[in-house]
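Secondary and tertiary structure notes
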Amino acid sequence: RCVACADFDLCETCFSRGAHPVHPFVSRATTAPEESWAAAIRPGAGGVQPGGLDAEAVAALQERELTVEDYEALLELDAAGPPPLHRHLAAALPSPSDAAVAAAHARGDG
């Protein structure tokens, strides 16, 4: 699944052959809804992720408690900028009404 396009999926064969090379992709092993998405790495790309870290380094950071020794790796990831957020996903997020915002301000919550 392309992470930048609203509705663009590729089969493993097309992805491996380099179709739609301009955006990063995520994939999962099954179509089960409880299955987690993970970064999809094209063959020959060396597993390099945004920020210049390889896929194994990124996975290691995600699977453990972070320490001071991780600072340089986190700076590399941060330098790549935020991942894209689909406009269609952002539009689907609930936004508070003006009345709800005013009520929160009145209560001192906002």
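Residues numbered from 1 in each chain as written. Predicted model: local features only at pLDDT ≥ 70, side-chain atom pairs only at ≥ 80, totals over all residues. Heavy atoms only, no water.

Here we take up the side chain of H20. Checked against the element boundaries, H20 lands in the loop between helix 1 (12-16) and strand 1 (25-27). Within the local environment of H20, its side chain forms a polar contact with the side chain of H23, the two groups lying 3.1 Å apart. (Helix = DSSP H or I, 4+ residues; strand = E, 2+ residues; numbered from the N terminus. Polar contact = N/O pair within 3.5 Å; in protein donor to acceptor, adjacent residues only side chain to side chain.)

So, on to unusual backbone geometry. The phi torsion at H20 lies on the positive side, around 55°, for a residue other than glycine. Judged by its relative accessible area of 18%, H20 is buried. (Buried < 20%, exposed > 50% of the residue type's maximum accessible area, 1.4 Å probe, protein only.)

Inspection of the secondary structure puts E35 in the loop between strand 1 and strand 2 (38-40). Residue E35 is classed as partly exposed on the basis of its relative accessible area of 27%. Those residues within four positions of E35 in sequence are excluded, and the remaining contacts are R28, A29 and T30. (Contact = heavy atoms within 4.5 Å.)

Our next topic: the packing of aromatic side chains. All chains considered together, the criterion is met by 2 aromatic pairs. Taking the centre distance of 6.4 Å and the plane angle of 70° together, the rings of F8 and F25 count as edge-to-face. Placement of the pair is F8 in the segment before helix 1 and F25 in strand 1, with a sequence separation of 17 residues. Taking the relative accessible area as the measure of exposure, F8 reaches 29% and is therefore partly exposed. With a relative accessible area of 5%, F25 lands in the buried category. Three or more aromatic residues joined by ring pairs make a cluster, and in this case those are F8, F15 and F25. (Phe/Tyr/Trp six-rings, centres within 6.5 Å; stacked < 30°, edge-to-face > 60°.)

Tracing the backbone shows D70 in the loop between helix 2 (55-62) and helix 3 (71-79). Overall, D70 belongs to the buried group, its relative accessible area being 6%. A polar side-chain atom of D70 sits 2.7 Å from the main-chain amide nitrogen of T67. Those residues in contact with D70 that lie beyond four places of it in its chain are L61, R64 and E65.

Detail in the predicted coordinates should be disregarded across regions flagged by low pLDDT. Summing up the model confidence of the protein chain, the mean pLDDT is 74 and the portion of residues at 70 or higher is 70%. Per-element mean pLDDT across the protein chain ranges from 54 in helix 4 (residues 87-92) up to 88 in helix 1. (pLDDT = per-residue confidence, 0-100.)

We now examine the pattern of salt bridges. Applying the stated criterion across every chain, the model contains 2 salt bridges. One salt bridge in this structure joins D70 and R64, with 2.6 Å as the shortest N-O distance. Accessibility expressed as a relative area gives 40% for R64, which makes it partly exposed. (Salt bridge = Lys/Arg side-chain N within 4 Å of Asp/Glu carboxyl O.)

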